[in-house]
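Coordinate analysis (summary)
Listed below, chain by chain, are the residues.
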Amino acid sequence: MHPLHHPLFIQYIINFNFHEDYFECHEVGEEYWKSVAPKDKMHPLAGWIQMAVGMYHWRRSNFPGALRSFIRAKDKLSNAGAWTDGFDSAALSAQLAEAIEGVTARRDFTATKLPIISEELVQAVNRYMADNPSETLEPYFLMHKHRLRDRSSIINLREQKKRRKL
């Protein structure tokens, strides 16, 4: 299987292009990254994650956070080989450059779609969406998802780690 046809990356694409749920892109991207290249912060999957994080920050008008994320993403996604196959590399690079320019100028957030050129990847996304229908989330929730989600499992894990250290 091509690495970009993995179900977690397909979910990343769907969340990015169809739901504009950049927080969820980060979540599924990180899960995939941990299974492929844990701790390799220079891996192209880290670039995809940072691109989504940049979009999330930009939407929330966190311009410094968005800028850092977009710059890191651009570096990791240029010449990324198989990790950008099926995408228009020039268009992807231009999107990141425009995002960097937009947040530097503190322009209003502009959603973009990942420039998929592989018909096989488009079909994989369409099949996944048909087999796994999902609902569209409210814009307010998408903007503030990190604050509004159920964090009990995260808090429990932190407490367990604290107890182990004692």
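Everything below is about the structure shown above.
Read on for a plain summary of the structure. No experiment lies behind these values; they were computed from the predicted model shown.

1. Considerations on the side chain of Asn-15
The residue Asn-15 is located in helix H1 (residues 7-19) in this model. For Asn-15, a relative accessible area of 11% corresponds to the buried category. Setting aside its immediate chain neighbours within four residues, Asn-15 contacts Glu-20, Asp-21, Glu-24, Cys-25 and Val-28.

2. Topic: helix H4 (residues 63-77)
Given a rise of 1.5 Å per residue, 15 residues ought to cover 21 Å, and the 21 Å separating the end C-alpha atoms of H4 matches this to within 8%. Along H4, the positions that sit buried rather than exposed are Phe-63, Gly-65, Ala-66, Ser-69, Phe-70, Ala-73, Lys-76 and Leu-77. Mapping the buried residues of H4 onto a view down its axis gives an arc of 160 degrees, with all of them on the same face. Looking at the packing, one finds that the buried side of H4 touches helix H3 (44-59) and helix H5 (89-104). Residue Asn-62 occupies the N-cap position of H4, its side-chain oxygen lying 2.9 Å from the main-chain nitrogen of Gly-65.

3. Brief notes about a positive patch on the surface
Where like charges cluster on the molecular surface, the positive patch consists of Lys-34, Lys-161, Arg-164 and Lys-165. For the positive patch, the element with the highest residue contribution is helix H9 (residues 152-165), accounting for 3 residues. With respect to the helices and strands, Lys-34 occurs in helix H2 (residues 22-36).

4. Looking at H3
Here H3 contains 16 residues, and its C-alpha end-to-end distance of 23 Å stays within 8% of the 22 Å for a straight helix at 1.5 Å per residue. Counting buried residues along H3, 14 of its 16 residues qualify, which places the element largely inside the surrounding structure. The positive-phi residue at the C-terminal boundary of H3 is Ser-61, with phi of around 65 degrees.

5. Focus on the packing of aromatic side chains
Applying the stated rule across the entire model yields 12 aromatic pairs. Ring centres of Tyr-22 and Phe-109 lie 6.0 Å apart, and the angle between their planes is 70 degrees; on these two criteria the pair is classed as edge-to-face. Taken together, the residues span a long stretch of sequence, with Tyr-22 in helix H2 and Phe-109 in the loop between H5 and helix H6 (119-131) at a distance of 87 residues. Overall, the relative accessible area of 1% leaves Tyr-22 in the buried class. Phe-109 gets classed as partly exposed once you look at its relative accessible area, which sits at 24%. Among the aromatic residues, ring-to-ring pairing joins Phe-9, Tyr-12, Phe-16, Tyr-22, Trp-48, Trp-58, Phe-70, Phe-87 and Phe-109 into one connected group.

Conventions used here
Residues numbered from 1 in each chain as written. Predicted model: local features only at pLDDT ≥ 70, side-chain atom pairs only at ≥ 80, totals over all residues. Heavy atoms only, no water. Helix = DSSP H or I, 4+ residues; strand = E, 2+ residues; numbered from the N terminus. Buried < 20%, exposed > 50% of the residue type's maximum accessible area, 1.4 Å probe, protein only. Contact = heavy atoms within 4.5 Å. Expected span 1.5 Å × (residues − 1). Arc of directions from axis to C-beta. Polar contact = N/O pair within 3.5 Å; in protein donor to acceptor, adjacent residues only side chain to side chain. Patch = residues over 30% accessible without salt bridge, like charges linked within 9 Å, V, L, I, M, F, W, Y side chains within 5 Å. Areas by Shrake-Rupley, 256 points an atom, 1.4 Å probe, with all protein chains shown as cover. Salt bridge = Lys/Arg side-chain N within 4 Å of Asp/Glu carboxyl O. Lys, Arg positive; Asp, Glu negative; His and termini not counted. Charge placed at Lys NZ, Arg CZ, Asp CG, Glu CD. Phe/Tyr/Trp six-rings, centres within 6.5 Å; stacked < 30°, edge-to-face > 60°.

By themselves, these observations are geometric and do not establish any function.
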